[in-house]
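Coordinate inspection notes
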Amino acid sequence: MLSVDEVERIILNLVKPFDPVIDREILPLAQTLNRILAEDIKSELDFPNWDNSAMDGYALRYADLEDSQDLRLAVAPDQIPAGMAIAKPIIKGQCIRIFTGGMLPVGVDTVIMQEDTERIGDFLQLKVKPAQGEYVRRKGEFITAGTILVKAGTKLGVTEIGALASARCQQVKVYRQPKVAIISTGNELVSLDDSQPLQLGQIIDSNLYALSALVTQAGAIAISFGAVSDRKDELEVVMQKAIASADMVISTGGVSVGDYDYVEELLEKMGADIYVRSVAIKPGKPLTVAALMHSDRGSDRTLYFGVPGNPVSTMMSFWRFIHGAIAKLGGADETNWYPQFMKAITTDDLHSQGRRETYLWGRLIYQKGNPIFQPVKNYSSGDLIGAIGTNALAVMRVNQTYVAAGDEAIVMII
Ligand code: AMP
Ligand code: MG
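This report concerns the structure included in the present document. (Residues numbered from 1 in each chain as written. Chains lettered and ligands numbered in written order. Predicted model: local features only at pLDDT ≥ 70, side-chain atom pairs only at ≥ 80, totals over all residues. Heavy atoms only, no water.)

The next subject is the overall build of the protein. For the protein, the helix and strand inventory stands at seven helices and 28 strands. Against the 2.2 N^0.38 benchmark of 22 Å for 414 residues, the protein shows a C-alpha radius of gyration of 30 Å, more extended than a compact globule. For the protein, the C-alpha atoms occupy an extent of roughly 95 × 55 × 45 Å along the three principal directions. Looking at the protein as a whole, 48% of its 414 residues qualify as buried. Considering only intrachain contacts with a sequence separation of at least 6, the fraction spanning at least 24 residues in the protein is 71%. (Helix = DSSP H or I, 4+ residues; strand = E, 2+ residues; numbered from the N terminus. Rg over C-alpha atoms; globule rule 2.2 N^0.38 Å. Buried < 20%, exposed > 50% of the residue type's maximum accessible area, 1.4 Å probe, protein only. Contact = heavy atoms within 4.5 Å.)

And the structure:
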């Protein structure tokens, strides 16, 4: 059985990221939130594009203060609001009223904020001596023209979108979203759309919904292939269709050692290379990772994940292994390929048998700024209801069997 770290490495090595030219689309900036940038974007302008004031106050020449004993300057008759270019320089010994974003006149190098002054008629009394250059945003101080503003592979968030807008970037080249096919397997499954009363032994195919949500959250497009019965011939047809139509396939169920677990056998029959059959992780031990050639995709292989059907195990396999694979496939830079871990105080004892890396689900909250982990009451991987509210997983490494309530645990953020 492979370790969690080995499986993570194997999977990421198997993923070939999208091509930045072929696998991209051009979108208006407003539609790019959470999309992955497919090219470096350079700034065509200096930012700021001219020296300007960072405050409402008065602009002055610092050297004039050196000459004045009493920190008193004459006030020029003009004002400089934002958006106005002032052509004439101010005369020596004068300061000028300026507002935030207002362009500094030639020769002026310092701004004193309004609150630190007192206006006495045509004069300004400074209450403190400003430092030279204070409250001035210099031309090119944030970035100079021609430098990279946002790098390819960046997931576009609020700050990036704002910066790209200020750089007049109307259209943005982003990677297309990976298409991820989802297949649920199991004779017991009934579609949520089905209006017939549930028969004894039947359950709703909830994994389809949870997995679709996970895939969407990871920035990809989920394509449902519905619930398939545990019949080899039927399953094979659906698996083949899914492989042909998606960049990645996830099937749930049928990867364990039960008599109806056919996924691996069928993958082998289809000529897939199988890289992972099980992982030393709890929950989520049965995990099939395979790659298959597909005629439509040249030499690029489709990655296939067969994850266990127990609802929390399905999620665990996704959180720990598939999320990063989608990020890499979709062109996101390396900072997006790995889960984030942090430390938090656990409110309850955490136990593990210590044989497999164990993930205990629960809720990460903050109390007076301190991260606190509240584990769920019951860790049954079949208990979706008990998992409601989960936003973090405590990690117990192999051989670690106990973390006492009140002690620090390692927590993976999901
Ligand atoms: P399996 O991995 O196929 O052995 O399934 C393990 C458990 O997960 C069984 O109790 C199944 O009924 C349940 N299960 C399998 N697939 C799903 C699904 N799509 N939605 C909800 N539960 C499922
Ligand atoms: Mg099954």
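On to the site of ligand 1, then. Among the 16 residues in the neighbourhood of ligand 1, the closest are listed as Glu188, Asp205, Gly254, Gly309 and Asn310. Starting from 480 Å² of accessible surface for ligand 1 in isolation, the protein chains cover 75%. Among the secondary structure elements, those contributing two or more residues to the shell around ligand 1 are β13 (179–185), β15 (203–204) and α4 (206–217). Residue classes in the shell around ligand 1 are distributed as five nonpolar, nine polar and two charged. (Near = heavy atom within 4 Å. Areas by Shrake-Rupley, 256 points an atom, 1.4 Å probe, with all protein chains shown as cover. Nonpolar A, V, L, I, M, F, W, Y, C, P; charged D, E, K, R; others polar.)

Spatially, six strands are ordered β7-β4-β6-β5-β9-β8 in an open sheet, and the strand pairing comes out mixed. Edge positions in the sheet fall to β7 (110–113) and β8 (117–120), since each of these pairs with one other strand and no more. Here the average twist between neighbouring strands, direction ignored, is 40°. (Pairing = 2+ DSSP bridges. Axes fitted to C-alpha atoms, helices over the stretch in contact; angles between N-to-C directions.)

For the rest of this paragraph, the subject is the sheet that holds β13. Strand order in the open sheet formed by six strands is β16-β13-β17-β21-β20-β18, with mixed pairing between adjacent strands. Edge positions in the sheet fall to β16 (221–228) and β18 (273–278), since each of these pairs with one other strand and no more. The sheet shows a mean angle of 15° between the axes of neighbouring strands, direction not considered. Those strands touched by α4 are β13, β16 and β17 (248–252), and its axis lies near 165° from that of β13. Its contacts with the sheet place helix α7 (residues 311–329) against β13, β17, β20 (286–293) and β21 (301–307), and it is angled at close to 175° to β17.

Where like charges cluster on the molecular surface, the negative patch consists of Asp348, Asp349, Asp407 and Glu408. Of note, Asp407 is situated in the loop between β27 (402–403) and β28 (408–413). Residue classification places Asp407 among the partly exposed positions, given a relative accessible area of 41%. (Patch = residues over 30% accessible without salt bridge, like charges linked within 9 Å, V, L, I, M, F, W, Y side chains within 5 Å. Salt bridge = Lys/Arg side-chain N within 4 Å of Asp/Glu carboxyl O. Lys, Arg positive; Asp, Glu negative; His and termini not counted. Charge placed at Lys NZ, Arg CZ, Asp CG, Glu CD.)

With twelve residues, α4 should reach 16 Å at 1.5 Å per residue; the first-to-last C-alpha distance of 17 Å fits that figure. Listing the buried residues of α4 in full gives Asn207, Leu208, Leu211, Ser212, Leu214 and Val215. An end-on view of α4 places all buried positions within 165° of arc, on one side of the element. Exposed and oriented more than 90 degrees from the buried face of α4 are Thr216 and Gln217. Structurally, α4 contributes buried residues whose contacts are with β13, β16, β17 and α7. One side-chain oxygen at the N-terminal end of α4 lies 3.2 Å from the backbone nitrogen of Leu208; it belongs to Asp205. (Expected span 1.5 Å × (residues − 1). Arc of directions from axis to C-beta. Polar contact = N/O pair within 3.5 Å; in protein donor to acceptor, adjacent residues only side chain to side chain.)

Another aspect to go through is the nonpolar core. Soluble globular proteins: nonpolar side chains tend toward being buried together. Ranked by size, the top nonpolar core spans 49 residues in total, and within it Met248, Ile250, Phe305 and Phe318 carry the most contacts. The element contributing the most residues to this core is α7, with eleven residues. If we ignore the near neighbours within four places in the chain, the residues touching Phe305 are Ile11, Met248, Val249, Ile250, Ser251, Thr288, Val289, Ile322 and Ala325. Membership of the second largest hydrophobic core comes to 21 residues, among which are Val238, Val263, Met270 and Tyr304. (Core = buried A, V, L, I, M, F, W, Y, C linked by side-chain atoms within 4.5 Å.)

Look at helix α1 (residues 4–14) against α7: their axes get within 10 Å of each other, and the N-to-C directions meet at 25°. With respect to α7, the element α1 is oriented roughly parallel. Taken as a pair, α1 and α7 cross one another with a handedness that is right-handed. Taken together, the residues of α7 that come into contact with α1 (itself represented by Val4, Asp5, Val7, Glu8, Ile11 and Leu12) are Arg320, Phe321, Gly324, Ala325 and Lys328. Within the contact of α1 with α7, the residues separate by chemical class into six nonpolar, one polar and four charged. (Parallel < 35°, antiparallel > 145°, perpendicular 65-115°, else oblique. Left-handed = near helix turned anticlockwise from the far one by under 90°.)

Moving on: a nonpolar patch on the surface. Nonpolar side chains collect at one region of the surface, where Leu192, Leu198, Ile204 and Tyr209 lie side by side and expose about 350 Å² of accessible area between them. One can find Leu192 in the loop between β14 (189–190) and β15. In this structure Leu192 comes out as partly exposed when scored by relative accessible area, which is 47%.

Right, let's talk about the environment of Ser313 for a bit. As for its placement among the helices and strands, Ser313 is situated in helix α7. Taking relative accessible area as the criterion, Ser313 reaches 5% and is therefore assigned buried. Note: C-alpha distance between Ser313 and Pro283 (30 residues apart in sequence) is 5.3 Å. With residues up to four places along the chain from it excluded, the contact list for Ser313 reads Pro283, Gly284, Pro308 and Ser381.

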